[in-house]
Amino acid sequence: MTLSHTVAVIGGGPAGLMAAEVLSASGAQVHLYDAVPSVGRKFLLAGRGGLNLTHSEPFDVFMSRFGERRAQLEPMLAQFGPQQVREWAAGLGIETFVGTSGRVFPTDMKAAPLLRAWLHRLRAAGVQFHMRHRWLGDASAPFDAASLRFATPAGETTVKADAVVLALGGASWARLGSDGAWAPWLQARGVDVAPLLPANCGFDGAGWSEHFASRFAGQPFKSVAISFTDSQGRRFARKGEFVATASGIEGSLIYAASALLRDEIAAHGSATLLLDLLPDRSAEQVLAAAKHPRGSRSLSSHLKSRLGLEGIKAGVLHETLSREAMQDPAQLAAAIKAVPLRLVATRPVDEAISTAGGVRFDTLDEALMASAVPGVFVAGEMLDWEAPTGGYLLTASMASGAAAARGAIKRLGL
Ligand SMILES: Cc1cc2nc3c(=O)[nH]c(=O)nc-3n(C[C@H](O)[C@H](O)[C@H](O)COP(=O)(O)OP(=O)(O)OC[C@H]3O[C@@H](n4cnc5c(N)ncnc54)[C@H](O)[C@@H]3O)c2cc1C
C-alpha cells in the first residue's frame, strides 16, 4: 500500500493548478494555498482579450520562442506541450480552435468556463483549497517544506508538508495576487533569483509633445511596421499595430519587440526603433507620391489623398519634422518610411503582461527542486524564462507545473 503524502501547492494560477492536478492523480494529498480570495485571477484576466491557450505552429518553431531558455523548457514542453494543452482542455469539455494567426483559443474565447470545469475536477479529485492564505517566507523564520507559515484572516498558521510546489507567479498585476514578494525570501534561503523585469511591456519615451499626447494618447497606429537593431546586431522587424500612450507606446507589436528594447535600454540608456507608416509601399512609391504636385491643396489634404496619412499617422510626422522639412518631399518621404522613436524606459513591471527573470534554472535540479531547500519545487512564471504573447506563457506555466509535480511525486516515491 502506498502511504499518502501531503504536498502543499502555493499559488493557484495555471502552474499551481496543473501541479495540483498531476499530484492528486498520483495519490498525493494536495493542499493548495493562495493569498487572494479565489484562484486563477490572472488566467481570468487573460481570458478578457480572448484566452490564447497555446499556439499551433510546429513544435520546433514553438520552442524557438523561448530563446535562451529553450534547452531548459524543452523537456517539460515535450511532455506537456501545445497538443497536450488542447487535449487537456477538451478533457474539460472545452473545444479549441486555431485562429488565423495560428494561435489557439477556446471556441468561446473565454477563460471562466474552462477554469470552472478545472476547479470542479480538482475538487472531485480531493484537492483542498485554502484561500486567503498568504505564504510568508521571509528570512525571520527560514522556510522548508515542513515549515510553511501563512497569514490568514484568522491569524498566522504554520503548515507541515512532505513537499511543496511554489507557483507564485511573476511580479505583474500585483492586485491579482502575484507580487514577486517571494524573490528576496528565496534569495535568503540560497535560491538564486535573476532580477524580475517587465516582459511584453510598454515603454516611456518617444518624446511626444503635449499637443500630440493630449490628442492621440490611447489611439492606435494601425497597419504599420517597426524595426529595431540592437547594439549586438540582433534585429526585430514586423508589421502590426500598437498604441500611443501619454508618455510613450504599448500594444502587441511593441510587446513582441520588448525584450530586445528592454535589454538595449538597460545596456545603453535608450533604444531607438524605426516606425514605417506605410509598410506596403516602397520608399520609391512614397517619394513619388510625396513629390506629386499638390497645387492649392493643403499639406494635410495632400497627405490624406495621396498617401492615406491622417490622424495619428500625420500627427507623428509633425512631431518628427520641422515645418520646413514637412514641405520637402524627400525628407517627408524618408520620415514616412522611418519615424525614429527613442525609448528611454520600460513601463513598470506591474503593468506588464509577464515577467522576465526569476528563479534561475541552475539553482534547481532537473526536477525543478531547489538544491538549497530540498523538497521545495518551483514552477510557472516564477522561473527565469520569458516568451512573447501567443499562448507560450500559459503553455509553459502549465508544463512546468506538471514537471514540478512529477519531481515531487518521484521524490516522495508515489
Ligand atoms: C492582461 C494579461 C493577459 C494575458 N493573456 C495571456 C494569454 O492570452 N495567453 C498566455 O499564454 N498568457 C497570457 N498572460 C500571461 C499568463 O496569464 C501568465 O503567464 C500565467 O498566469 C502565469 O501563471 P502562474 O501560475 O505562473 O502565475 P499566476 O497566474 O500569476 O498565479 C500565481 C498565484 O500565486 C498566488 N500568490 C502569489 N504570492 C503568494 C503568496 N505569498 N502566498 C500565496 N499565494 C501567492 C497569486 O495570488 C496567484 O494566484 C496574460 C497576462 C496578463 C497580465
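Residues numbered from 1 in each chain as written. Predicted model: local features only at pLDDT ≥ 70, side-chain atom pairs only at ≥ 80, totals over all residues. Heavy atoms only, no water.

A. Representation of the sheet that holds strand β5 (residues 103-106) within the structure. One open sheet holds the three strands; their spatial order is β3-β5-β4, and the pairing between them is antiparallel. Two strands close off the open sheet at either side, each with one partner strand: β3 (54-55) and β4 (96-98). Relative to β5, β4 runs antiparallel, the two being bridged by three bridges. Across the sheet, residue V98 finds its bridge partner in β5, namely V104. (Pairing = 2+ DSSP bridges. Helix = DSSP H or I, 4+ residues; strand = E, 2+ residues; numbered from the N terminus.)

B. Spatial organisation of the pairing of β5. Two strands pair when backbone bridges link them, and β3 and β5 are joined in this way by two bridges, in the antiparallel orientation. Its bridge partner lying in β5, H55 is registered against R103. Counted along the chain from β4 to the antiparallel partner β5, the turn is four residues long, and its residue G102 has a positive phi close to 90°.

C. Representation of the side chain of R149 within the structure. Within the element layout of this structure, R149 appears in strand β8 (residues 148-152). Judged by relative accessible area, R149 falls into the buried class, the value being 15%. Here E156 takes part through its side chain, which lies 2.6 Å from a polar atom of the side chain of R149. Residue contacts for R149: discarding those within four places in its chain leaves R134, W135, L136, D138, S140, A141, E156, T157 and T158. (Buried < 20%, exposed > 50% of the residue type's maximum accessible area, 1.4 Å probe, protein only. Polar contact = N/O pair within 3.5 Å; in protein donor to acceptor, adjacent residues only side chain to side chain. Contact = heavy atoms within 4.5 Å.)

D. Quick peek at the packing of aromatic side chains. A complete count under the given rule lists 14 aromatic pairs for this structure. Each ring, one from F62 and one from F66, has its centre 5.8 Å from the other, and the planes form 55°; the classification is tilted. For F62, a relative accessible area of 0% puts it in the buried group. Chaining the aromatic ring pairs together yields one cluster made of F59, F62, F66, W385 and Y392. (Phe/Tyr/Trp six-rings, centres within 6.5 Å; stacked < 30°, edge-to-face > 60°.)

E. Region of interest: unusual backbone geometry. Phi at N200 is positive, roughly 50°, even though this residue is not glycine. Relative to the helices and strands, N200 resides in the loop between β11 (193-199) and β12 (203-205). Positive phi, close to 50°, is recorded for S223, a residue that is not glycine. Tracing the sequence through the fold places S223 in strand β13 (residues 220-229).

F. A look at the sheet that holds strand β1 (residues 6-10). What the five strands build is an open sheet, ordered β6-β2-β1-β10-β19; its pairing is parallel. Since the sheet does not close on itself, it has two edges, and those belong to β6 (128-130) and β19 (376-378), each with one partner. Looking at each pair of strands side by side, their axes are set apart by 20° on average, direction ignored. Two elements, β1 and strand β2 (residues 29-33), share five bridges in a ladder whose sense is parallel. By the bridge assignment, V9 is partnered in β2 with L32. Contacts from helix α15 (residues 392-412) reach β1, β10 (163-166) and β19, with the element oriented near 160° to β19. (Axes fitted to C-alpha atoms, helices over the stretch in contact; angles between N-to-C directions.)

G. Quick peek at α15. The first and last C-alpha atoms of α15 sit 30 Å apart over 21 residues, in line with the 30 Å expected at 1.5 Å per residue. Among the 21 residues in α15, 18 count as buried, and that is most of the element. Of the residues one or two after α15, G413 is the one with positive phi, at around 65°. (Expected span 1.5 Å × (residues − 1).)

Just geometry here; none of it tells us what the structure is for.
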